[in-house]
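# Structural characterization, general
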Amino acid sequence: QSALTQPASLSGSPGQSITISCSGMNNDDDAYNYVSWYQQYPGEVPKLLIFDVNHRPAAVSSRFVGSKSGNTASLTISGLQAEDEADYYCSSYIGSKRPPFVFGTGTKVTVL
Amino acid sequence: EVQLVQSGAEVRKPGESLRISCKGSGFAFTGYWITWVRQMPGKGLEWMGKIDPSDSYTQHSPSIRGHFTISVDKSNSTAYLQWSSLKASDTAVYYCARQSGETGMALDYWGQGTVVTVSS
């Protein structure tokens, strides 16, 4: 797999919605693409936000929604809050590919 | 409670060897893969490779392959990342993470990170 491309930065005001794109996803019919998203605050450990394209772990807010269309995955954050200011990374796992796992370039989200 | 506890920060000189560890608890260690992720200063996350503790099968990133070794001691529920000859460019935070089929092959639990500094 090749590296996944994300916008370097995005910003929004509190209450707004923003969408982070992640392009370069495999779009072949012969291999399922497991897409996940991670949130990382400066100096802290990454945290799983979304798995298998659009599923949330139990403790993650419903304001985070994942989707995928063609070779682009997206993470939408609705009702933007100050605590959402962080770095966000997409990732892709395809067992038959080499390498099987790849991260996106990362997006810095700023809440204005 | 699922936990991955990593060994502490390390400072080494170029050319020296190093092994850092990641001990799992609170889950069936051989039932999940352990992945290593590198984060260089001010940079993003990079997948380094993974190991299946049940049979020690490993996969490495082709872009940084050959420079490090991933191993496991399943009797102690511990995975390792080691280098035989460090370079200054190995300076980074290294995370281990559990890769789970229950969460779509995502990295659902992470260690606290090990800071490795390589400097003369």
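Higher on the page you've got the structure.
We now turn to the structure provided with this report. (Residues numbered from 1 in each chain as written. Chains lettered and ligands numbered in written order. Predicted model: local features only at pLDDT ≥ 70, side-chain atom pairs only at ≥ 80, totals over all residues. Heavy atoms only, no water.)

### Examining the environment of Ser-61 of chain B
All names here are of chain B. For Ser-61, the position within the fold is in the loop between β6 (57-60) and β7 (69-73). It is 8.9 Å that separates the C-alpha atoms of Ser-61 and Glu-46, two residues lying 15 residues apart in sequence. Sequence-distant contacts of Ser-61, that is, excluding residues within four places in its chain, are made with Trp-47, Met-48 and Gly-49. Of note is the side chain of Ser-61, whose polar atom sits 2.8 Å from the side chain of Ser-63. (Helix = DSSP H or I, 4+ residues; strand = E, 2+ residues; numbered from the N terminus. Contact = heavy atoms within 4.5 Å. Polar contact = N/O pair within 3.5 Å; in protein donor to acceptor, adjacent residues only side chain to side chain.)

### Re the sheet that holds strand β5 (residues 64-69) of chain A
Residues and elements named next belong to chain A. Here three strands make up an open sheet; going across it, the order is β2-β6-β5 and the pairing antiparallel. Among the strands making up the open sheet, the edge pair consists of β2 (18-23) and β5. The mean angle between the axes of side-by-side strands here comes to 20°, regardless of whether they run parallel or antiparallel. In this structure, β2 lies alongside strand β6 (residues 72-77), joined through six bridges in antiparallel fashion. Opposite Ile-20, over in β6, you have Leu-75 as the bridge partner. (Pairing = 2+ DSSP bridges. Axes fitted to C-alpha atoms, helices over the stretch in contact; angles between N-to-C directions.)

### So, the state of the cysteines
All names here are of chain A. The tally for this structure, following the rule as stated, stands at two disulfides over all chains. Covalent S-S linkage joins Cys-22 and Cys-90, the inter-sulfur distance amounting to 2.0 Å. Taking the sign of the torsion about the S-S bond as the criterion, the disulfide between Cys-22 and Cys-90, at about 70°, is right-handed. Of this pair, Cys-22 sits in strand β2 while Cys-90 sits in strand β7 (residues 86-93), and the two are 68 residues apart along the sequence. (Disulfide = S-S within 2.5 Å.)

### What about the sheet that holds strand β3 (residues 18-25) of chain B?
All names here are of chain B. Taking strand neighbours across the sheet as the criterion, the four strands line up as β1-β3-β8-β7 in an open arrangement whose pairing is antiparallel. Of all strands in the sheet, those with a lone pairing partner are β1 (3-6) and β7, marking the two edges. Averaged over all pairs of adjacent strands, the angle between their axes in this sheet comes to 20°, without regard to strand direction. Judged from the six bridges that link them, β3 and strand β8 (residues 78-83) form a sheet pairing that is antiparallel. Bridge pairing in β8 places Ser-21 opposite Tyr-80.

### Concerning the interface of chain B and chain A
Contacts between the two partners involve 23 residues from chain B and, on the opposite side, 17 residues from chain A. Interface area for chain B against chain A, summed over the two sides, is near 1700 Å², with a carbon-plus-sulfur share of 70%. Counting across the interface, chain B meets chain A through zero salt bridges. The element contributing the most residues to the side of chain B that touches chain A is strand β10 (residues 106-110) of chain B, with four residues. The residue makeup of the side of chain B that touches chain A, split by class, is eleven nonpolar, eight polar and four charged. (Buried area = accessible area lost by both parts, 1.4 Å probe. Salt bridge = Lys/Arg side-chain N within 4 Å of Asp/Glu carboxyl O. Nonpolar A, V, L, I, M, F, W, Y, C, P; charged D, E, K, R; others polar.)

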